[in-house]
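One-letter residues, chain by chain:
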Amino acid sequence: MIHPTDLPPLGEGLNNAGILIVDDEPVNVRLLEQMLALDGYRNVLGITDPRETLTRIAEQGTDLLLLDLNMPHLDGFQVLQQLRALALPPAVLVLTAQSDSPVKLRALRSGARDFLTKPIDMAELMARVRNLLEVQRYQVYLHRQNTVLEEKVRERTRELHDTRLEIIHRLGRAAEYRDNETGLHIIRMSRYSQLLGQLAGMDESETELLLHASPMHDIGKIGIHDRILLKPGKLDAEEWAIMQTHARIGADLLDGHPAPILQMARDIALTHHEKWDGSGYPDGRVGEGIPLVGRIVAVADVFDALTSARPYKPAWPLEHALAYLSEQRGRHFDPRLVDLFLGNLDAFLAIRARYAEPEPVEVTP
């Protein structure tokens, strides 16, 4: 088969092209083989059963097919139809005793590149074979170049996608590092959110977005002063009002970009502190007036916060955290989401175990 990675000048390097002859008459096959051999072609194969065409093309790496039309089992038009299934079919030169225009037109419309009427003149055949192989060589070259370019585009797209996700995760970690030492909270709550979204009926693409958007739920904390964010005691009314602004700060930071992941992240940042009964912040939204992703992250975030140790509190025992979810069903949390969480608890606990905080290392003096 022609390998045109480094294309030689026109007319060179064609003698190794794969040529397949398909004609039910053995005499015609032998004659064509002899003609092609005399002109220096070394990779020529002839068959008399058209049903073998696709198999032989795959085995030989065929660049040019010399095809008869009137054959038993499969006629030439049926063979041309089969060739359409190939990603890069060989060039086809139809050789037939039929000389009427409708047949020629049908053959060309079916995918043949050229048409030659029997009896065949050797000089004309060789000229057409040479021309078709030249064209096919460049077709193969362009196909391979396009394949390489498409792969480069896919690779670059993957790199851009991965880079964007990495930036997003690091933005989420930037907020969490201010009051969480490991950042594993981000991983756990985003995995909880993805699973809860799946259970709630979101499709795969939506839950994939949720997995990557939810880590930015508290990005607005970067706008809260340390004296409030890191205060060890209870916040007073003024401090609590300032702390609540982190939801709107986060939404403002993420607003204004058409990327679906940032639009979802904005909704989450703004609404994950809203409560089902309307007592949340910043807008006091009620029930399904809170976006589903905000309701999901509320459950995931609170569960992980309760069951995780923080500098200002120990981790709650699991049974206490589950009791809190049940108690807040229909108050803080969407009751359906609480039911889904508790009804599939083993799956959530598997995430919790997989991304558990590392045990503290004791240092011996």
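In what follows, the structure referred to is the one given above.
Conventions and cut-offs
- Residues numbered from 1 in each chain as written.
- Predicted model: local features only at pLDDT ≥ 70, side-chain atom pairs only at ≥ 80, totals over all residues.
- Heavy atoms only, no water.
- Patch = residues over 30% accessible without salt bridge, like charges linked within 9 Å, V, L, I, M, F, W, Y side chains within 5 Å.
- Areas by Shrake-Rupley, 256 points an atom, 1.4 Å probe, with all protein chains shown as cover.
- Salt bridge = Lys/Arg side-chain N within 4 Å of Asp/Glu carboxyl O.
- Lys, Arg positive; Asp, Glu negative; His and termini not counted.
- Charge placed at Lys NZ, Arg CZ, Asp CG, Glu CD.
- Helix = DSSP H or I, 4+ residues; strand = E, 2+ residues; numbered from the N terminus.
- Expected span 1.5 Å × (residues − 1).
- Buried < 20%, exposed > 50% of the residue type's maximum accessible area, 1.4 Å probe, protein only.
- Phe/Tyr/Trp six-rings, centres within 6.5 Å; stacked < 30°, edge-to-face > 60°.
- Lys NZ or Arg CZ within 6 Å of the ring centre and 35° of its normal.

**Q** Just to check I follow, could you spell out a negative patch on the surface for this structure?
**A** Among the surface-exposed residues, Asp203, Glu204, Glu206 and Glu208 lie close enough to one another that they form a single negatively charged patch. Within the secondary structure, Glu208 sits in helix 7 (residues 204–213).

**Q** Would you mind showing me how to read helix 11 (residues 260–271) here?
**A** An α-helical turn contains 3.6 residues, so any two residues separated by three or four positions project in the same direction. For helix 11, which comprises twelve residues, the first-to-last C-alpha distance of 17 Å matches the rise-based estimate of 16 Å (1.5 Å per residue) to within 8%. For helix 11, the full list of buried residues reads Ile261, Leu262, Met264, Ala265, Ile268, Ala269, Leu270 and Thr271.

**Q** How should I be thinking about the pattern of salt bridges in this particular structure?
**A** Within the structure shown, the criterion is met by 20 salt bridges. Its salt-bridge partner being Arg188, residue Asp304 comes within 2.5 Å of it at the nearest N-O pair. Taken together, the residues span a long stretch of sequence, with Asp304 in helix 12 (residues 292–306) and Arg188 in helix 6 (residues 184–199) at a distance of 116 residues. Each member of the pair, Asp304 as well as Arg188, is classed as buried. In the salt-bridge network here, residues are joined through shared partners; they are Asp23, Asp68 and Lys118.

**Q** Sorry, what's going on with the packing of aromatic side chains here?
**A** How two aromatic rings sit relative to each other is set out by the distance from centre to centre and by the angle between their planes. Evaluation of the coordinates by the stated rule reveals eight aromatic pairs. An angle of 55 degrees between the planes, with centres 6.1 Å apart, marks the rings of Tyr192 and Phe348 as tilted. Of the two residues, Tyr192 sits in helix 6 while Phe348 sits in helix 15 (residues 345–354), which places them 156 residues apart along the sequence. Each member of the pair, Tyr192 as well as Phe348, is classed as buried. Where Tyr324 meets Phe333, the ring centres are 6.4 Å apart and the plane angle is 80 degrees; that geometry is what we call edge-to-face. Tyr324 sits in the partly exposed class, given a relative accessible area of 22%. Here Phe333 falls in the buried class, since its relative accessible area comes to 1%. Among the aromatic residues, those joined into a cluster by ring pairs are Tyr192, Phe303, Phe341 and Phe348. In this structure, Arg106 is placed above the aromatic ring of Phe77, and the distance from its NZ or CZ to the ring centre is 3.7 Å.

These values are about where atoms sit, not about what they do.
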